[in-house]
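Close look at the chain arrangement
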Amino acid sequence: MSTTTAHKDTTTTISTENITTQVQALDIKNSHKHHHHNHHLLHKYSTSSGEEIDDHDDDDDEDDSCCPRSPVTLGPSPSVTKEHGLARLIKNNRAWSKAIRERQPDFFEKCSKGQQPKVFWIGCSDSRVPENELLQLAPGEIFTHRNIANVVVSTDLNCLSVLQYAVEVLKVEQVVVCGHYGCGGVAAALGDHSYGLIDHWLGNIKEVKAQHQDNLDLIKDQEEKCRALVEINARNSVLTVAKSPIMKAAWERGQKVEIVGLVYDIQTGLLSELGYHLTNAEDLKAQLSVDSSTLFTARATAAAVTVSARS
Ligand SMILES: [Zn+2]
């Protein structure tokens with residue numbers, strides 16, 4: 001074996017180890033133990049508890065054996081940083097696939113046999129809100145529909161088809177609508193600038209904005225106003241899902257499927273509940289009867305508490 005080859009082999013070995021080491025380092029098994037503060041606002045109105053979500057530690061070992069969590073999370077491994085474009089993507093993919101197969105050799109074979117996700121996620125297309133990643137879920141664990149600003153409208157056959165498949169075929173147990181602070185789509189809908197074709201889509205959010213204009217006008221800080229619209233837009237999508245014939249039929253036949261509203265903070269990486277857990281038609285009715293101005297009043301109160309806690 002020549003020196004050159006030996007050197008090359010060594011380099012290859014190190015490179016592989018780097019990937020594996022990084023994968024292991026990033027497989028942050030208990031990172032969901034972060035304590036979140038629920039200081040977004042509509043939640044404080046709808047549920048008084050500031051409870052943390054259970055960690056389900058007892059499931060962790062089992063999870064390890066059946067579903068390796070999305071492993072390559074925080075950017076490319078050292079061996080691929082020099083690559084660009086498609087080459088980088090393919091190389092990342094090879095490393096990802098290898099890392100998963102090392103942990104669970106039959107993972108992809110099992111995947112090929114079908115999917116049984118328990119969660120259907122409706123979120124924003126924003127690249128900073130990757131649902132698999134932030135929930136640490138492996139392929140096969142979450143069914144997804146994403147669009148600009150997580151808008152659900154009753155005329156969107158794309159979204160409704162995914163919803164129907166999720167509920168009627170996959171029989172998911174949770175439909176999650178997740179908005180996020182710092183949403184460019186929502187910010188654009190707040191302004192008057194014209195963006196061309198996308199204005200048609202943003203019109204859906206502008207409609208939500210118009211419905212709550214008086215309350216939004218009371219919020220002077222532009223960022224707070226945007227956060228409020230993010231929350232109320234997510235609420236609107238929750239309600240639109242709940243009002244769909246798909247959910248109505250599912251609940252009528254007694255299917256156990258709930259709709260949950262969440263908001264993600266790209267500044268902290270934390271999800272918070274918006275306080276909407278709709279498990280049947282009665283929950284929807286109750287939610288529809290809520291006077292939206294009370295949501296904003298509660299929002300203002302909670303914001304004041306948050307500000308005083310910070311100072
Ligand atoms: Zn967004």
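Just so you know, these numbers come straight off a predicted model, no measurement behind them.

Counting residues in hydrophobic clusters, the biggest one holds 51 residues, and the most contacted among them are Val-175, Val-177 and Val-241. Here this core takes nine residues from helix H11 (residues 222–243), the largest share from any one element. Look past the residues within four positions of Val-241 in its chain and what remains in contact with it is Val-152, Leu-163, Val-175, Val-177, Met-247 and Ile-259.

On to unusual backbone geometry, then. The backbone of Gln-136 shows a phi angle near 50°, a positive value even though the residue is not glycine. For Gln-136, the location among the structural elements is in the loop between helix H6 (131–135) and strand E2 (142–147). Overall, Gln-136 belongs to the partly exposed group, with 19 C-beta atoms counted inside 10 Å. A positive phi angle, near 55°, is found at Lys-171, a position not held by glycine. Examined against the element boundaries, Lys-171 turns out to sit in the loop between helix H7 (157–169) and strand E3 (174–181).

This part takes up the UniProt feature "binding site: Zn(2+)" (unreviewed entry) in the chain. Look at the UniProt record and you will see "binding site: Zn(2+)" (unreviewed entry) annotated at Cys-124, Asp-126, His-180 and Cys-183. The greatest C-alpha distance among the residues just named is 9.0 Å, despite their covering 60 residues of sequence, which places them together in space. Tracing the chain through its elements places Asp-126 in the loop between strand E1 (119–124) and H6. Residue contacts for Asp-126: discarding those within four places in its chain leaves His-180, Cys-183 and Gly-184. Within the secondary structure, Cys-183 is located in the loop between E3 and helix H8 (184–190). Those residues in contact with Cys-183 that lie beyond four places of it in its chain are Cys-124, Asp-126, Ala-149 and Val-230.

Across the eight residues of E3, six count as buried, placing the element largely inside the fold. Relative to E3, E1 is paired through four bridges, and the arrangement is parallel. Bridge assignment links Val-119 to a residue of E3, and that residue is Gln-174. Bridge analysis of E3 against strand E4 (residues 258–265) gives eight bridges, and the strand direction is parallel. Bridge pairing in E4 places Val-177 opposite Gly-261.

Every buried residue of helix H12 (residues 245–252) is listed here: Ile-246, Met-247, Ala-250 and Trp-251. One side of H12 holds all its buried residues, which, seen down the axis, span an arc of 125°. Along H12, exposed side chains directed more than 90 degrees from the buried face belong to Pro-245, Lys-248 and Glu-252. Where H12 is buried, its residues meet H7, H11 and helix H13 (281–288). Positive phi appears at Gly-254, one or two residues downstream of H12, with a value of about 80°.

About the criteria used
Residues numbered from 1 in each chain as written. Predicted model: local features only at pLDDT ≥ 70, side-chain atom pairs only at ≥ 80, totals over all residues. Core = buried A, V, L, I, M, F, W, Y, C linked by C-beta atoms within 7 Å. Buried ≥ 20, exposed ≤ 12 C-beta atoms within 10 Å, placed from the backbone. Helix = DSSP H or I, 4+ residues; strand = E, 2+ residues; numbered from the N terminus. Contact = placed C-beta atoms within 7 Å. UniProt positions renumbered as here; feature names shortened; annotations may be inferred. Pairing = 2+ DSSP bridges. Arc of directions from axis to C-beta.

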